Amino acid sequence: MADKTRTTARASDADEHASLIVLCAGGDRTALRRLYDVEAATMLGVATRMLRRRDLAEEAVQDAFLRIWRGAASYRPELGGGRTWVYVILRNRCLTLLRTSGREVSPDDDLPDVADDAPDPEAVVSLLSDTSLLRRCLETLDERRRGVLLLAYAHGLTHGEIAGKLGVPLGTTKTWIRRSLLALRECMG
C-alpha cells in the first residue's frame, strides 16, 4: 500500500512540475517561485555532486532557473515529465561549466558531503508518464543498459563513476551508453 501511495505522489509531483512549467511559459512568476521552492535544494545537491564545488553548483542552479524561465515555452509534456526536463537543463548547465572551467574531474577528487537520496534508475523511469515516448523507448532497452544511461543522465554520474559503481571497465560503460543513446534516438526518431 505504501508503494502505491508513493507512486501516486510521484505522479502528482510530475503533473505539478509540468503545470508549473506551463505557467512559467505564460509569464507566471509565482509558478517559477514554487518550482524553485520545490526543487532548488535537491538541484543544488545534484550540481554540487557533479561539479564538486559549491560556488559553481550555485551558479549552475541559478543559470538553470533562468533557462527554465526563458525556455518554458519549449517544454513538451508528451516527451517527458516536467521534473525530468528541469534536471536535463541543470545537467547540461553543469557539463558546460565543467568544460569552460577547464577543470578535469577525477575519481580521486574528494566528494562533498551531499546526501545521496536519489532514487535508483528504475525509479526514475517510473516517474515518467505511462504514455511518454521516452518511457516506452527506455523500457525497450536491456535493464543494465537502461540503468547505465539513467545513472549518467538522471543522476549526473560520470562514466568513470558509473564504471566504478558497477565494477565494469570504463570502455564497457562508454559503449553501453553510446549504444543505448543510439537505440533511444532510433526509437524516438
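Our structure's up above, just so we're on the same page.
Everything numeric here is computed off the predicted structure, so don't read it as measured data. (Residues numbered from 1 in each chain as written. Predicted model: local features only at pLDDT ≥ 70, side-chain atom pairs only at ≥ 80, totals over all residues. Heavy atoms only, no water.)

Student: Quick rundown of the packing of aromatic side chains? Include the residues and the values.
Tutor: Within the structure shown, the criterion is met by two aromatic pairs. Here Tyr75 and Trp85 contribute two aromatic rings whose centre-to-centre distance is 5.4 Å and whose plane-to-plane angle is 55 degrees, an arrangement assigned as tilted. Placement of Tyr75 in the loop between α3 (54-71) and α4 (82-101) and of Trp85 in helix α4 is noted, with a sequence separation of ten residues between them. Taking relative accessible area as the criterion, Trp85 reaches 18% and is therefore assigned buried. (Phe/Tyr/Trp six-rings, centres within 6.5 Å; stacked < 30°, edge-to-face > 60°. Helix = DSSP H or I, 4+ residues; strand = E, 2+ residues; numbered from the N terminus. Buried < 20%, exposed > 50% of the residue type's maximum accessible area, 1.4 Å probe, protein only.)

Student: Could you give an account of the side chain of Ser180, naming the residues involved and the relevant values?
Tutor: Residue position: Ser180 is located in helix α9 (residues 170-188). Owing to a relative accessible area of 1%, Ser180 belongs among the buried residues under this scheme. Apart from the residues lying within four places of it in its own chain, the contact partners of Ser180 are Leu141, Arg145 and Leu149. (Contact = heavy atoms within 4.5 Å.)

Student: Now, about the nonpolar core: what can you tell me, with residues and values included?
Tutor: One finds Met43, Leu51, Phe65, Ile68, Val86 and Leu90 to be the most contacted residues of the largest nonpolar core, which totals 30 residues. Elements that contribute at least two residues to this core include exactly α1 (2-25), α2 (29-51), α3 and α4. Top contributing element to this core by residue count: α2, with nine residues. The contacts of Phe65, once residues within four sequence positions are left out, are Leu32, Leu35, Tyr36, Ala40 and Met43. By size, the runner-up hydrophobic cluster in this structure holds 15 residues, among which are Val148, Leu150, Ala152 and Ile177. (Core = buried A, V, L, I, M, F, W, Y, C linked by side-chain atoms within 4.5 Å.)

Student: Can you tell me about α3, naming the residues and giving the values?
Tutor: Taking 1.5 Å per residue, 18 residues should reach 26 Å; α3 reaches 25 Å between its end C-alpha atoms and fits that length. By the burial criterion, the buried members of α3 are Leu56, Ala57, Ala60, Val61, Asp63, Ala64, Phe65, Ile68 and Gly71. (Expected span 1.5 Å × (residues − 1).)

Student: How would you sum up the packing of helix α6 (residues 133-140) against α9? Please name residues and give values.
Tutor: It is the contact of α6 with α9, at a shortest axis distance of 9 Å, that shows an interaxial angle of 130 degrees. Taken as axis vectors, α6 and α9 run oblique relative to one another. Crossing geometry of α6 relative to α9 is assigned as right-handed. Side by side, α6 and α9 meet where Leu133, Leu134, Cys137 and Leu138 of the first sit next to Leu184, Cys187 and Met188 of the second. For the contact of α6 with α9, a count of residues per class yields seven nonpolar, no polar and no charged. (Axes fitted to C-alpha atoms, helices over the stretch in contact; angles between N-to-C directions. Parallel < 35°, antiparallel > 145°, perpendicular 65-115°, else oblique. Left-handed = near helix turned anticlockwise from the far one by under 90°. Nonpolar A, V, L, I, M, F, W, Y, C, P; charged D, E, K, R; others polar.)

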